[in-house]
Amino acid sequence: MLRFPYNGNRVKTFYIETFGCQMNAHDSEKVVGTLVGQGYNQVETPEEAELVFYNTCSIRDKAEQKVFHRLQQFKRDGKGKTFAVLGCVAQQEGEKIFEKAPHVSLVCGSASYNKLPELLVQLESGNRRVTGLSLDTHDTFETPITRRDNPHRAYITIIEGCDKSCAYCVVPFTRGPERSRTSASVIAETLELVRSGYSEIQLLGQNVNSYRDPSPAGWDFAALLDNVGRVPGIRRVRFTTSHPRDFVKGIIDAIETNPTLCNHVHLPVQSGSSRILEAMQRLYTREEYLRRIEWMKASSRPIAISTDIIVGFPGETEADLEATLALLEEVEYDSIFSFKYSRRPNTAALELGDHISEEEKTRRLAIVQEKQRAIQIRRNAAWVGTVEECMVEGFNKATGQWIGRTSQNKLLNFLRPGGDEDLLGSYVDVRVTRAGPNSLAGEAVN
Ligand code: SAM
Ligand code: SF4
């Protein structure tokens with residue numbers, strides 16, 4: 001029987017690997033905080049660890065396969081270790097994981113993370129297999145300690161789960177119904193982060209703009225965003241992801257009046273064809289989506305716009321693809337994430353006819369990406385000669401360049417001749433001298 005070597009005062013060690021989105025990355029930070037709070041010690045490799053956690057993603061089939069591949073690696077040489085599967089694959093596959101990977105002892109979906117301490121106690125007391133798979137929780141996952149990976153930009157979850165039912169998407173099945181945190185707890189966390197030295201906050205949720213304050217204050221997302229941005233000491237606030245259906249003009253008005261809110265909106269469209277949007281159950285048409293883009297373009301702030309695109313949804317014709325390409329051209333996105341449609345368990349799209357071959361999806365994806373690359377080359381070139389404020393995120397030893405990020409969420413690599421102080425986490429004005437499809441380059445002016 002696999003058991004923890006939890007005898008006496010031995011420090012218990014754990015390793016965690018995270019797959020998928022920023023929500024998962026931040027969930028892992030909270031899981032790490034919870035484990036450290038229980039006396040566990042984080043280590044850098046699975047080989048050193050007694051307890052190995054995989055925080056998984058099941059948004060597309062490929063992401064899901066990764067965790068089983070990892071678990072397979074330890075099937076034979078994982079003796080003495082305890083394996084735990086967290087996140088979306090855990091929720092989706094449930095106890096089937098024990099059949100596929102018998103050396104796993106804990107399976108817990110994100111909606112049950114508040115039960116993790118209890119599950120760990122059950123494991124420690126010798127239980128061979130424990131699960132946290134309930135979706136009917138009304139709680140959000142709040143932890144007394146969160147171990148943040150980035151010392152300058154902090155994530156704050158404001159809403160968990162999703163109440164929409166897009167025909168291709170597993171999230172409502174894996175992350176449960178929508179639950180918003182109270183505005184007071186979000187503001188308290190922001191204040192705490194400022195006290196700890198953070199100057200940039202990123203508000204997170206599957207659909208942040210569906211936020212509804214459950215407390216009597218009753219703030220909507222625009223009010224929460226504005227108030228987080230007004231916390232003294234905050235320099236930048238970002239948010240992701242927004243759903244077009246719930247995207248109201250008040251969000252742009254908040255950006256317009258509050259300088260700490262960044263010049264960037266990520267507004268996933270998925271397709272430029274209203275026919276496909278309807279089949280996807282996205283709850284908006286191309287025209288309604290474009291109205292929101294008009295608000296951004298009419299703003300006095302230079303708001304960068306990014307999106308997500310799915311190609312090869314069942315029934316997508318050449319004309320639908322053309323509509324997506326025309327939309328890319330019309331909006332002139334600053335960046336996109338583009339994906340081939342992936343069949344997901346439980347989703348409505350499985351029932352649709354006219355599934356598109358893998359080969360054809362690959363062809364369509366390449367066309368979309370090529371079109372967008374040309375748009376990015378054009379758009380980024382327009383920044384050459386301007387001076388942009390960057391938050392410094394890193395240093396590239398090979399090139400001697402600092403790695404900065406502009407308010408528009410663009411990477412701006414820059415040199416600072418003559419300066420040798422540590423710039424990490426500081427804000428530097430940089431003159432843009434060159435532009436590529438995915439980043440800008442320049443020289444510090446201060
Ligand atoms: N809530 C966000 C929204 O509605 O726009 C999206 C969150 S989802 C985690 C991130 C992205 O994954 C989606 O915008 C979509 O482009 C992509 N995605 C989700 N399910 C997919 C699937 N079955 N196949 C391919 N891409 C998918
Ligand atoms: Fe998935 Fe749609 Fe919910 Fe976004 S809104 S998480 S795409 S179901």
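Residues numbered from 1 in each chain as written. Chains lettered and ligands numbered in written order. Predicted model: local features only at pLDDT ≥ 70, side-chain atom pairs only at ≥ 80, totals over all residues. Heavy atoms only, no water.

## Here we look at the overall build of the protein chain
As a reminder of what qualifies: Here a helix means four or more residues in a row that DSSP labels H or I, a strand means two or more in a row labelled E, and each is numbered from the N terminus. C-alpha atoms define the radius of gyration in this analysis, and the globule rule sets the expected value at 2.2 Å times the number of residues to the power 0.38. Contacts between residues were defined by any pair of non-hydrogen atoms, one from each residue, lying within 4.5 Å.
When its secondary structure is counted, the protein chain shows 13 helices and 19 strands. In terms of overall size, the protein chain behaves like a compact globule, its C-alpha atoms giving a radius of gyration of 23 Å where 446 residues would be expected to give roughly 22 Å. Along the first, second and third principal axes, the C-alpha set of the protein chain runs to 65 × 60 × 50 Å. Here the contacts in the protein chain between residues at least 6 apart in sequence split such that 73% fall between residues at least 24 apart.

## Some points on the nonpolar core
The condition is simple: Residues enter a nonpolar core if they are buried and are Ala, Val, Leu, Ile, Met, Phe, Trp, Tyr or Cys, with the set joined through side-chain atoms within 4.5 Å. A simple rule labels every residue: compare its accessible area, found with a 1.4 Å probe on the protein chains alone, to the largest value its type can have, and call it buried under 20%, exposed over 50%, or partly exposed in between.
Among the nonpolar cores identified, the biggest contains 62 residues, and Ile158, Leu203, Phe221, Phe239, Val265, Met296 and Tyr333 are the most heavily contacted of them. Contacts of phenylalanine 239, omitting those with residues within four sequence positions, involve Leu203, Val208, Phe221, Leu225, Ile251, Ile255, His264 and Val265. Counting 21 residues, the second-largest nonpolar core is a separate cluster that includes Phe74, Val89, Phe98 and Val104.

## Examining the site of ligand 2
The following threshold applies: Residue proximity to a molecule or strand is established when one non-hydrogen atom of the residue lies within 4 Å of it. Under the grouping applied here, Gly and all other residues not named as nonpolar or charged are polar, the nonpolar ones being Ala, Val, Leu, Ile, Met, Phe, Trp, Tyr, Cys and Pro and the charged ones Asp, Glu, Lys and Arg.
Neighbouring residues of ligand 2: Cys162, Lys164, Cys166, Tyr168, Cys169, Val171, Pro172, Gln206, Asn207, His243 and Arg282. Partitioning the shell around ligand 2 into residue classes produces six nonpolar, three polar and two charged.

## A word on helix α7 (residues 183-195)
Using the following cut-off: Given a helix with a known number of residues, its expected span is that number minus one, times 1.5 Å.
Between its terminal C-alpha atoms α7 stretches 18 Å, which fits the 18 Å expected from 13 residues at 1.5 Å a residue. The inward-facing, buried residues of α7 contact β7 (153-157), β10 (200-204) and α8 (221-229). One or two residues past the end of α7 sits glycine 197, with phi positive at roughly 105°.

## Some points on the side chain of asparagine 413
Mapping asparagine 413 onto the fold places it in strand β17 (residues 411-415). Classification of asparagine 413 as buried rests on a relative accessible area of 18%. Setting aside anything within four residues of it in sequence, one finds asparagine 413 in contact with Gln401, Trp402, Ile403, Ser439, Leu440, Ala441 and Gly442.

## Some thoughts on the packing of α7 against α8
Put simply, the test is: A fitted line through C-alpha atoms represents every axis, and for helices the fit uses only the stretch in contact; the resulting angles, taken between N-to-C directions, go from 0 to 180 degrees. Roughly parallel here means an angle under 35 degrees, roughly antiparallel means over 145, roughly perpendicular means 65 to 115, and every remaining angle is called oblique. Take the far helix as your reference; a near helix turned counterclockwise from it by less than a right angle gives a left-handed crossing, and one turned clockwise gives a right-handed crossing.
At their nearest, the axes of α7 and α8 sit 10 Å apart, and the two run at 25° to each other. In terms of axis orientation, α7 runs roughly parallel to α8. In the crossing of α7 with α8, the sense of the turn from one axis to the other is right-handed. Only Leu224, Asn227 and Val228 of α8 make contact with α7, whose side of the interface consists of Ser183, Val186, Ile187 and Thr190. Of the residues belonging to the contact of α7 with α8, the class tally is four nonpolar, three polar and no charged.

## Some details on the packing of aromatic side chains
Spelled out, the test is: Each aromatic pair joins two rings of Phe, Tyr and Trp (for Trp, the six-membered one) with centres within 6.5 Å, and gets the label stacked for planes under 30 degrees apart, edge-to-face for over 60, and tilted for any other angle. Put simply, a charge is over a ring when the Lys NZ or the Arg CZ is close to the ring centre, within 6 Å, and near the line of the ring normal, within 35 degrees.
Overall, the coordinates contain nine aromatic pairs when judged by the stated rule. Taking the centre distance of 6.4 Å and the plane angle of 45° together, the rings of phenylalanine 19 and tyrosine 54 count as tilted. Of the two residues, phenylalanine 19 is situated in the loop between β1 (12-18) and α1 (22-37) and tyrosine 54 in strand β3 (residues 51-56); the sequence distance between them amounts to 35 residues. Across the ring face of tyrosine 40, the terminal group of lysine 12 is positioned such that the distance to the ring centre comes to 4.8 Å. In this structure, arginine 235 is placed above the aromatic ring of tyrosine 427, and the distance from its NZ or CZ to the ring centre is 3.9 Å.

## Things to note about the pattern of salt bridges
To keep things clear, this is the line we draw: Here, a salt bridge means any Lys or Arg side-chain nitrogen found within 4 Å of an Asp or Glu carboxyl oxygen.
The tally for this structure, following the rule as stated, stands at 37 salt bridges. Residue lysine 249 is joined to aspartate 253 by a salt bridge in which the shortest nitrogen-to-oxygen separation is 2.9 Å. Of this pair, lysine 249 and aspartate 253 both sit in helix α9 (residues 249-257), four residues apart, which is roughly one turn of the helix. Judged by its relative accessible area of 38%, lysine 249 is partly exposed.

## A closer look at the sheet that holds strand β19 (residues 440-444)
Worth spelling out the cut-off: Here, any two strands with at least 2 DSSP bridges between them count as paired.
Ordered by their spatial adjacency, five strands build a closed barrel running β15-β16-β17-β19-β18, and the pairing between neighbours is mixed. Here the average twist between neighbouring strands, direction ignored, is 50°. Across four bridges, strand β16 (residues 401-406) lies against β17 in antiparallel orientation. In the sheet register, arginine 405 faces β17, and the bridge partner there is leucine 411.

## Observations regarding the site of ligand 1
Applicable threshold: Whenever a nitrogen or oxygen atom comes within 3.5 Å of another N or O atom, the pair is scored as a polar contact, on the condition that within protein one atom can donate a hydrogen and the other can accept it, and that pairs from neighbouring residues in sequence are kept only if both atoms are in side chains.
Not every one of the 17 residues close to ligand 1 is listed here, only the nearest: Gln206, Gln270, Arg282, Asp308 and Ser342. Here an oxygen atom of ligand 1 sits 2.6 Å away from a polar atom, N or O, in the side chain of aspartate 308. Serine 342 has a polar backbone atom sitting 2.8 Å from a nitrogen atom of ligand 1. Breaking the shell around ligand 1 down by element, the ones donating at least two residues are β13 (304-311) and β14 (335-340). A class-by-class count of the residues in the shell around ligand 1 yields six nonpolar, six polar and five charged.

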